[in-house]
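Secondary and tertiary structure notes
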Amino acid sequence: MTRPIIALDFASKKEIQTFLDFFPREESLFVKIGMEVFYQEGPTIVEWLKELNHDIFLDLKLHDIPNTVGKAMEGLARLGVSMTNVHAAGGQEMMKAAKHGLEKGTKAGKTVPKLIAVTQLTSTSEKQMQQDQGIFSTLEESVLRYAANTEKSGLDGVVCSAWEVEKIKNQTNSDFICLTPGIRPNGGDVGDQKRVMTPSEARKIGSDFIVVGRPITQSDQPYLAYQEIKNEWNGVCEHD
Ligand SMILES: O=C(O)c1cc(=O)[nH]c(=O)n1[C@@H]1O[C@H](COP(=O)(O)O)[C@@H](O)[C@H]1O
C-alpha cells in the first residue's frame, strides 16, 4: 500500500500535534510541510516530525535567481527530507542550480531528496493563466512545456493536476514522477482548487503520489478520512 501525502497546512507545531493525536502513534505517515508552518516554526518542525518516524515532503516552492535558489537548497538538503520542490516558472538554469545545491548539501552516504517542480498550480484555471500570466496557450500546453523543461534540467518530476498526468507520462521517461494535489473524494468540497480528481481516478490515470489536505485535516475523523482515501488510492474495496 502506498501512502497519500497529508498536507499539514497548519499554523503551528501545537496544531499539528493536536491533529497527529488522531493517528496511531506507530503509524508512519508521509506528510507535507508547507510555507505556512515552516515560516513560523523553522527547521525544528522537520526535525521533530522525523523523530516521530514520518517521511517529509518539504513544500517551499522556491522561485528566485539561480544563485539564491541553489544556496537555499544546499541548506535545506541538510534537513534530510524525502522530497522538496521549486517552481518550474523559475526556468531551467534555476532548476539546475536547485538540483546542484541539493546534491552539494546532502551529507555523504545520505540519499539526495527527490526534487520536483510545480507546473501550473491546481488552483489556476486556463482563463486565469491567460489573463494573469499572459500565457496564451492552453493550460495543458503550458504544463507540458514546464514538464519538458523540468526533465531537461535533470529533476525527478513535477507537481501537476491529475488532469495532465497522462500527457506528461507520454512525453517523459518512465521514472519521471507526477505528484498530484487537488484530490477530492467523490462529492468533496473543492474549495479554491480548480483542477480536481478523486483518489481512484488519479491512480487510474497514472499519478505516482497524491497530496491531500483539507479532506483529511478538516474532517471530524481525520484517521478515518485518511484510511478511506488511502484505501481508495490503493484500489481496496470497502468490503475486501
Ligand atoms: O506543491 C503543492 O503541494 C501544491 C501544488 C499545487 O499545484 N496545488 C496544491 O494544492 N499544492 C498543495 O497541495 C495541498 C492541497 O491541499 P488541499 O486542497 O487542502 O487538499 C496544499 O498544501 C497546497 O499547497
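Quick caveat: nothing in here was measured; it's all calculated off a predicted structure.

Cut-offs used in this document
Residues numbered from 1 in each chain as written. Predicted model: local features only at pLDDT ≥ 70, side-chain atom pairs only at ≥ 80, totals over all residues. Helix = DSSP H or I, 4+ residues; strand = E, 2+ residues; numbered from the N terminus. Rg over C-alpha atoms; globule rule 2.2 N^0.38 Å. Buried ≥ 20, exposed ≤ 12 C-beta atoms within 10 Å, placed from the backbone. Contact = placed C-beta atoms within 7 Å. Pairing = 2+ DSSP bridges. Right-handed = clockwise from strand over helix to strand, strands pointing away. UniProt positions renumbered as here; feature names shortened; annotations may be inferred. Axes fitted to C-alpha atoms, helices over the stretch in contact; angles between N-to-C directions. Parallel < 35°, antiparallel > 145°, perpendicular 65-115°, else oblique. Left-handed = near helix turned anticlockwise from the far one by under 90°. Nonpolar A, V, L, I, M, F, W, Y, C, P; charged D, E, K, R; others polar.

**Focus on the overall build of the protein**
- Helix and strand counts for the protein stand at 11 helices and 8 strands.
- Rg of the C-alpha trace for the protein: 17 Å, near the compact-globule value of 18 Å for 240 residues, within the 12% margin.
- Seen through its C-alpha atoms, the protein measures out along the principal axes to roughly 45 × 40 × 30 Å.
- A buried classification covers 38% of the 240 residues belonging to the protein.
- Sequence-distant contacts in the protein: of pairs separated by 6 or more residues, those separated by 24 or more amount to 68%.

**Quick word on the environment of A225**
- Assignment of secondary structure puts A225 in helix α11 (residues 222-233).
- Exposure remark for A225: the 21 C-beta atoms within 10 Å place this residue in the buried category.
- Residues A225 and V31, spaced 194 residues apart in sequence, show a C-alpha to C-alpha distance of 15 Å.
- Contact partners of A225, with chain neighbours within four places excluded, come to P215, I216 and S219.

**Comments concerning the pairing of strand β5 (residues 114-118)**
- Of all the 5 residues making up β5, 4 are buried; the element is thus mostly covered by neighbouring parts of the structure.
- Strand direction decides the pairing type here: strand β4 (residues 83-87) and β5, joined by 5 bridges, are parallel. The residue bridging V86 from the neighbouring strand is A117, located in β5.
- On the question of chirality, the crossover connecting β4 to the parallel β5 by way of helix α5 (residues 92-105) is right-handed.

**What to know about the UniProt feature "active site" (unreviewed entry) in the protein**
- Here, the residues flagged by UniProt with the feature "active site" (unreviewed entry) are D59, K61 and D64.
- Counting through the fold element by element, D59 comes out in strand β3 (residues 55-62).
- Apart from residues lying up to four places away in sequence, D59 is in contact with K32, I33, G34 and N85.
- Relative to the assigned elements, D64 resides in the loop between β3 and α4 (66-77).
- Residue classification places D64 among the partly exposed residues on the basis of 16 C-beta atoms within 10 Å.

**Describing the packing of α4 against α5**
- At a minimum axis separation of 7 Å, α4 and α5 run at an interaxial angle of 30°. The angle between α4 and α5 places the two elements in the roughly parallel class. Viewed along their axes, α4 and α5 form a crossing whose handedness is right-handed. On α5, the residues that touch P66, N67, V69, G70, K71, A72, M73, E74, G75 and A77 of α4 are E93, M94, A97, A98, H100, G101, L102, K104 and G105.
- Its residues assigned to classes, the contact of α4 with α5 shows 9 nonpolar, 6 polar and 4 charged.

**A word on the sheet that holds strand β8 (residues 209-212)**
- Pairing in this closed barrel of 8 strands is parallel, and the strands run β1-β2-β3-β4-β5-β6-β7-β8 around the ring. When strand polarity is set aside, the average angle formed by the axes of neighbouring strands in this sheet is 25°.
- Bridge analysis of β3 against β4 gives 3 bridges, and the strand direction is parallel. Residue pairing in the sheet places L62 in a bridge with V86 of β4.
- The strands touched by helix α3 (residues 44-51) are β2 (30-34) and β3; relative to β3, the strand with the most contacts, the crossing angle is about 160°.

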